[in-house]
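The lines below spell out each chain.
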Amino acid sequence: MMAKVSLSPKAAKGFEDVPTGMIRRINDGLERLEGWPNVSGAKALQRNLKGCFRLRCGDGRIVFRPTGDDLVVTAIDNRKDVYE
């Protein structure tokens, strides 16, 4: 079964701003998310991001929230900026 992955407006903006060298890794990460919940490397987040998970893509991060059988990507950014 494949999960439907959708981007929030913030994540779509982050995706547009991804540096050229990171685009392929982010795309690969988004494709991997379609296999949810069997995604290796996804880590549950804590505190104000409780209920969200993150997937590492080199220096980039994809932050997402499962909603039933679907995933909503809430942020795509560099690792130093994504959790703000």
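Since this is a predicted model, take the numbers as computed values, not measurements.

This brings us to the layout of surface pockets. If you roll a probe as big as a water molecule over the atoms, it shows you where there is empty space left. Approximately 170 Å³ is the volume found for the largest pocket. Around the largest pocket sit 13 residues that line it, and Gly14, Ile76, Asp77, Asn78 and Asp81 are the ones nearest its centre. For the lining of the largest pocket, the secondary-structure elements that each account for two or more residues are helix H1 (9-16) and strand E5 (70-78). Sort the elements by how many residues they give to the lining of the largest pocket and E5 lands first, with four residues. For the lining of the largest pocket, the class distribution of residues is six nonpolar, two polar and five charged.

The next subject is the packing of aromatic side chains. Under the defined criterion, the tally for this structure stands at three aromatic pairs. Residues Trp36 and Phe53 carry aromatic rings whose centres are separated by 5.0 Å and whose planes lie at 65° to one another, so their mutual orientation is edge-to-face. Of this pair, Trp36 sits in the loop between helix H2 (23-33) and strand E2 (43-44) while Phe53 sits in strand E3 (residues 53-57), and the two are 17 residues apart along the sequence. On the basis of relative accessible area, Trp36 is assigned to the buried category, the value being 18%. Ring geometry for Trp36 versus Phe64: centroids 5.2 Å apart, planes at 80°, classification edge-to-face.

Take the sheet that holds E3 next. Taken in spatial order, the five strands make up an open sheet running E1-E5-E4-E3-E2, and their pairing is mixed. Either end of the sheet is taken by a strand with one partner, and the two such strands are strand E1 (4-7) and E2. Here strand E4 (residues 60-67) runs beside E5; their pairing, made up of eight bridges, is antiparallel. Pairing of Arg61 across the sheet is with Asp77, part of E5. Against the sheet, H1 touches E1 and E5, its axis set at about 45° to E5. Running at roughly 140° to E3, H2 makes contact with E1, E3, E4 and E5 of the sheet.

Calculation notes
Residues numbered from 1 in each chain as written. Predicted model: local features only at pLDDT ≥ 70, side-chain atom pairs only at ≥ 80, totals over all residues. Heavy atoms only, no water. 1 Å grid on protein atoms, 1.4 Å probe; cavity = no way out; pocket = protein on both sides within 12 Å on 5 of 7 lines; lining within 4 Å. Points joined across faces, edges and corners; volume = space filled by probe spheres on them. Helix = DSSP H or I, 4+ residues; strand = E, 2+ residues; numbered from the N terminus. Nonpolar A, V, L, I, M, F, W, Y, C, P; charged D, E, K, R; others polar. Phe/Tyr/Trp six-rings, centres within 6.5 Å; stacked < 30°, edge-to-face > 60°. Buried < 20%, exposed > 50% of the residue type's maximum accessible area, 1.4 Å probe, protein only. Pairing = 2+ DSSP bridges. Contact = heavy atoms within 4.5 Å. Axes fitted to C-alpha atoms, helices over the stretch in contact; angles between N-to-C directions.

Read these as layout, nothing more, since geometry by itself doesn't imply function.
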